[in-house]
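An overview of the molecular structure
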Amino acid sequence: MSPDDYCQQKTAQSGSSFYYSFLFLPPERRRAITALYAFCREVDDTVDECTDESVARIKLAWWRKEIANMYEGKQTHPVTQALQPHLSVYKLEQQHLQAIIDGMEMDLNQTRYLDYPALTTYCWHVASVVGILSASIFGATRPETLQYAEKLGHAFQLTNIIRDVGEDARKGRIYLPINELQQFNVTAADLLNARHTDNFEKLMAFQVARAQKAYDEAFALLPKEDRRAQRPGLMMAAIYRTLLTEVEADGYHVLTQRISLTPIRKLWLAWKTYIRG
């Protein structure tokens, strides 16, 4: 199996909405973004699938060194072997890849966030940076495009947090800010014990509205000159915003189930966004 094949398999197996938008890219950009996404999956799985925290930290430290080695042409992992040829072509900065690892390490260091600014810092590391790197691969000619991508990555992460409230709680993690739980009279115990209340619905309505606003703010930053090149991100946004609508329509029942879209619906939303241009 070649490094590119390894990354393709890693990405396809994830079942992520991102995969559907990659299908519409030219081959070289598709290989680059697939390698980047495979890297994100590798480091994310290091934290999510490793039951021993000390082992997870050792693995993340290994990835830090592997990324540094990649920029010296000394990579050994299939993902870095696939990603390395694209570094200079798309101006992918090491500090951004290392920042993603920082974000994964944050999951080992804390399981609660006091307020929205603290959560925003986490979102920047695990999602906004990925948005910046992705936009560079898609083709960004203006600085505003990277600002758009940073904001869009933030919106994606807010959507993930909303969708995964119950799943994360079962892992002992609560990403919804503590002061907002207090504002809506929802306790951590409510989330950990999957208690769906009227107050919880109000809390989630607030979260969905903020995420939708983040999408609107991101789109407002995208220059028309780069809109065509950035269609993959717009496809992902179409899928993720539809997911938010489904969460809302389902009455925010995210504590006991993971609301998702079917593969055919994701593909349809991606295609519809692609032909719209």
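Details of the structure are given in the entry above.
Please read all numbers here as calculations on a predicted model, not as lab measurements. (Residues numbered from 1 in each chain as written. Predicted model: local features only at pLDDT ≥ 70, side-chain atom pairs only at ≥ 80, totals over all residues. Heavy atoms only, no water.)

**Comments concerning the side chain of His125**
Keep this limit in mind: Put simply, DSSP marks the helices as runs of H or I at least four residues long and the strands as runs of E at least two long, and each gets a number from the N terminus on. Note on exposure labels: buried denotes an accessible area under 20% of the residue type's maximum, exposed denotes more than 50%, and partly exposed covers the range between, all computed with a 1.4 Å probe on protein chains only. Polar contacts, as used here, are pairs of N or O atoms within 3.5 Å; protein pairs need one atom able to donate a hydrogen and one able to accept it. Residues neighboring in sequence count only if both atoms are side-chain atoms. By definition in these notes, contact holds between two residues if any of their heavy atoms fall within 4.5 Å.
Within the element layout of this structure, His125 appears in helix α7 (residues 116–138). Overall, the relative accessible area of 16% leaves His125 in the buried class. Among the polar contacts made by the side chain of His125, one reaches the main-chain carbonyl oxygen of Thr121 at a distance of 3.0 Å. Dropping the residues within four chain positions of it, His125 is found in contact with Ala99, Ile100, Asp102, Gly103 and Met106.

**Re the packing of aromatic side chains**
For any pair of aromatic rings, geometry is given as the distance between the ring centres together with the angle between the planes. What counts is decided by this rule: Stacked, tilted and edge-to-face are the three classes applied to pairs of Phe, Tyr and Trp rings, where Trp contributes its six-membered ring and a pair requires centres within 6.5 Å; stacked means planes under 30 degrees apart, edge-to-face means over 60, and tilted covers the rest. Here, a charge over a ring is recorded when the distance from Lys NZ or Arg CZ to the ring centre is within 6 Å and its angle to the ring normal is within 35 degrees.
Here the structure, examined in full by the defined rule, presents 13 aromatic pairs. With 6.5 Å between their ring centres and 40 degrees between their planes, Tyr215 and Phe219 make a pair best called tilted. Taken together, the residues Tyr215 and Phe219, both in helix α12 (residues 198–221) and four residues apart, mark about one turn of the helix. Between Arg210 and the ring centre of Tyr116, over which it is positioned, the NZ or CZ distance is 3.8 Å. One residue, Arg231, lies across the ring of Tyr274, its end atom 4.1 Å from the ring centre.

**Let's talk about unusual backbone geometry**
The phi angle at Lys91 is positive, at roughly 55 degrees, despite the residue not being glycine. The residue Lys91 is located in the loop between α5 (78–83) and α6 (94–109) in this model. Taking the relative accessible area as the measure of exposure, Lys91 reaches 66% and is therefore exposed. Unusually for a residue other than glycine, Tyr252 sits at a positive phi of about 60 degrees. Examined against the element boundaries, Tyr252 turns out to sit in the loop between α14 (231–249) and α15 (263–276). Residue classification places Tyr252 among the buried positions, given a relative accessible area of 9%.

**Brief notes about the environment of Ser54**
Take Ser54: it is sitting in helix α4 (residues 53–70). Put simply, Ser54 and Leu108 are 54 residues apart on the chain and 9.4 Å apart in space, counted from C-alpha to C-alpha. A polar side-chain atom of Ser54 sits 2.5 Å from a polar atom in the side chain of Asp52.

**Some points on the side chain of Gln207**
Looking at the secondary structure, you find Gln207 in helix α12. What Gln207 contacts, discounting residues up to four positions off in sequence, is Ile162, Leu176 and Glu180.

**What to know about the pattern of salt bridges**
Between side chains of opposite charge, a pair can form as their charged atoms come close. What counts here: A pair is scored as a salt bridge if a Lys or Arg side-chain nitrogen falls within 4 Å of a carboxyl oxygen belonging to Asp or Glu.
Counting across every chain of the model gives 23 salt bridges. Here Arg142 and Glu225 are joined by a salt bridge, their closest N and O atoms 2.7 Å apart. Here Glu225 lies in helix α13 (residues 224–227) and Arg142 lies in the loop between α7 and α8 (143–163), a separation of 83 residues in the sequence. Linked through salt bridges whose partners overlap, the residues forming this network are Lys10, Arg41, Glu42, Asp44 and Asp45.

**Digging into the nonpolar core**
Short version of the rule: The nonpolar core is taken to be a set of buried Ala, Val, Leu, Ile, Met, Phe, Trp, Tyr and Cys residues, with the residues joined through side-chain atoms within 4.5 Å.
One finds Phe39, Leu97, Ile100, Leu176, Leu191 and Phe200 to be the most contacted residues of the largest nonpolar core, which totals 85 residues. The greatest single-element share of this core, amounting to 11 residues, is contributed by α7. Beyond its immediate chain neighbours, meaning those up to four positions away, Ile100 contacts Phe39, Cys40, Val43, His125, Val129, Val130 and Leu133.

**Focus: the packing of α14 against α15**
The condition that has to hold: Angles run from 0 to 180 degrees between N-to-C directions of axes, and those axes are lines fitted to C-alpha atoms, restricted for helices to the stretch in contact. In this scheme, roughly parallel covers angles under 35 degrees and roughly antiparallel covers those over 145, while 65 to 115 is roughly perpendicular and the rest are oblique. Helix crossings fall into two classes, left-handed where the near helix is turned counterclockwise from the far one by less than a right angle and right-handed where it is turned clockwise. Three classes are used: nonpolar for Ala, Val, Leu, Ile, Met, Phe, Trp, Tyr, Cys and Pro, charged for Asp, Glu, Lys and Arg, and polar for all others, with Gly counted as polar.
Between α14 and α15, the shortest axis-to-axis distance is 8 Å and the interhelical angle comes to 130 degrees. With respect to α15, the axis of α14 lies oblique. For α14 against α15, the interelement crossing comes out right-handed. Contacts from Arg231, Leu234, Met235, Ala238, Ile239, Thr242 and Glu246 in α14 reach Arg265, Lys266, Leu269, Ala270, Thr273 and Tyr274 in α15. Class assignment for the residues of the contact of α14 with α15 results in seven nonpolar, two polar and four charged.

Distances and angles like these do not, on their own, reveal function.
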